[in-house]
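What follows is each chain in one-letter form.
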Amino acid sequence: LVDTITTDKNGEASIKLVVGSYKVKETITGEEYVLNDNPVSVTLTENQIKTMTFENEKKIQYGNLKIVKVDKDTNAKLSGVVFEIYNYNTNKLVDTITTDKNGEASIKLVTGAYKIKEIKTKSGYVLNTNLITVVITKNETKTVTIENSKEEITKYGTLKVIKVEKDNTEVRIPGVVFEIYDSNN
């Protein structure tokens, strides 16, 4: 071993050496990179600056996403709700997941930002159309609770009013205005 050098904040390191042949080998790298420990030979000549570039692949790091789907009013867990997970930067569909009997859906994802889109909800509930952004970090589980409201089912009937003369119910009277009030008024 002739010497050891460490790259600076710009990823560069230099050393003055006696003219000759050497091998350069990476021995430690950043935590998020794969170590490139293949030795590279180099020959230095007088008054020469020899630049060598070493490339490192980034390690793929993972985290987890857990979606919990609940009823907005009762907090009851909702099963069978389907979500699409999109890469935040590329808008590419990464996966589709469905909540289980506990109202939960989990997925392992590469660290980074994602968008969650609800595409199918449980019968009797309103589809939640809000896009939710999450950031997945290394070795962490990001839990997102998403609420759904029940559908308000309005039932309709028809009211028909016929205005006629009191003495002759065969004669209908046009242009009469009626106001309609609910049971509270």
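The structure this text deals with has already been given above.
Overview of the structure. (Residues numbered from 1 in each chain as written. Predicted model: local features only at pLDDT ≥ 70, side-chain atom pairs only at ≥ 80, totals over all residues. Heavy atoms only, no water.)

Thoughts on the overall build of the protein
Then, number 1: A tally of helices and strands in the protein yields zero helices and nine strands.
Then, number 2: When the elements of the protein are put in sequence order from the N terminus, they spell out β-β-β-β-β-β-β-β-β.
Then, number 3: Radius of gyration (C-alpha) of the protein: 35 Å, far over the 16 Å computed for a compact globule of 185 residues.
Then, number 4: Split into buried and exposed, the 185 residues of the protein put 20% on the buried side.
Then, number 5: Carbon and sulfur atoms make up 47% of the accessible area of the protein, which totals about 14,700 Å².
Then, number 6: Treating the 26 positive side-chain charges of the protein as one cloud and the 26 negative ones as another, the clouds have centres 3 Å apart. (Helix = DSSP H or I, 4+ residues; strand = E, 2+ residues; numbered from the N terminus. Rg over C-alpha atoms; globule rule 2.2 N^0.38 Å. Buried < 20%, exposed > 50% of the residue type's maximum accessible area, 1.4 Å probe, protein only. Areas by Shrake-Rupley, 256 points an atom, 1.4 Å probe, with all protein chains shown as cover. Lys, Arg positive; Asp, Glu negative; His and termini not counted. Charge placed at Lys NZ, Arg CZ, Asp CG, Glu CD.)

Some words on the sheet that holds strand E3 (residues 62-71)
Then, number 1: What the three strands build is an open sheet, ordered E6-E3-E9; its pairing is mixed. Looking along the sheet, the strands with just one partner apiece sit at the ends: strand E6 (104-110) and strand E9 (141-148). Direction aside, the axes of adjacent strands within the sheet are offset by 20° on average.
Then, number 2: Inspection of the sheet shows E3 paired to E6 by seven bridges, in the antiparallel sense. Each bridged residue has a counterpart across the sheet, and for Val68 the counterpart in E6 is Glu104. (Pairing = 2+ DSSP bridges. Axes fitted to C-alpha atoms, helices over the stretch in contact; angles between N-to-C directions.)

Describing the sheet that holds strand E5 (residues 93-98)
Then, number 1: Here we have four strands laid out as an open sheet, ordered E5-E4-E7-E8, and antiparallel in their pairing. For this open sheet the edge positions go to E5 and strand E8 (132-136), each flanked by a neighbour on one side alone. Between one strand and the next, the sheet's axes are offset by a mean angle of 30°, whatever the strand orientation.
Then, number 2: Pairing between strand E7 (residues 112-120) and E8: five bridges, direction antiparallel. Its bridge partner being in E8, Lys115 is matched across the sheet by Thr133.

Section: the pairing of E3
Then, number 1: A large share of E3 lies buried, amounting to seven of its 10 residues.
Then, number 2: Note: E3 against E9, eight bridges, orientation parallel. The residue bridging Lys66 from the neighbouring strand is Thr143, located in E9.

Quick look at the nonpolar core
Then, number 1: The biggest cluster of nonpolar side chains holds 17 residues, and the ones touching the most others in it are Leu65, Ile67, Ile85 and Ile116.
Then, number 2: Residue assignment for this core shows that the elements contributing at least two residues are E3, strand E4 (82-87), E6, E7, E8 and E9.
Then, number 3: Among the elements that make up this core, the one with the highest residue count is E6 (three residues).
Then, number 4: Those residues in contact with Ile67 that sit more than four places away from it in its chain are Phe83, Ile85, Ile97, Gly103, Glu104, Ala105, Ile116, Val144 and Ile146. (Core = buried A, V, L, I, M, F, W, Y, C linked by side-chain atoms within 4.5 Å. Contact = heavy atoms within 4.5 Å.)

Some remarks on unusual backbone geometry
Backbone geometry follows two general trends: most residues other than glycine have a negative phi, and most peptide bonds adopt the trans configuration.
Then, number 1: At Asn75, a position not held by glycine, the phi torsion is positive, near 65°.
Then, number 2: Within the secondary structure layout, Asn75 lies in the loop between E3 and E4.
Then, number 3: Residues other than glycine seldom take positive phi values, yet Asn91 does so here, at roughly 60°.
Then, number 4: Of note, Asn91 is situated in the loop between E4 and E5.

Side note on the pattern of salt bridges
Then, number 1: All chains considered together, the criterion is met by two salt bridges.
Then, number 2: Residues Glu104 and Lys66 are paired through a salt bridge, measuring 3.7 Å at the closest nitrogen-oxygen approach. With Glu104 in strand E6 and Lys66 in strand E3, this residue pair connects regions lying 38 residues apart in the sequence.
Then, number 3: With relative accessibility at 25%, the residue Lys66 sits in the partly exposed group.
Then, number 4: The closest approach of N and O atoms between Glu118 and Lys69, which form a salt bridge, is 2.4 Å. Taken as a pair, Glu118 in strand E7 and Lys69 in strand E3 lie far apart in primary sequence, 49 residues in all.
Then, number 5: On the basis of relative accessible area, Glu118 is assigned to the buried category, the value being 4%.
Then, number 6: Looking at Lys69, the relative accessible area reads 0%, which means it is buried. (Salt bridge = Lys/Arg side-chain N within 4 Å of Asp/Glu carboxyl O.)

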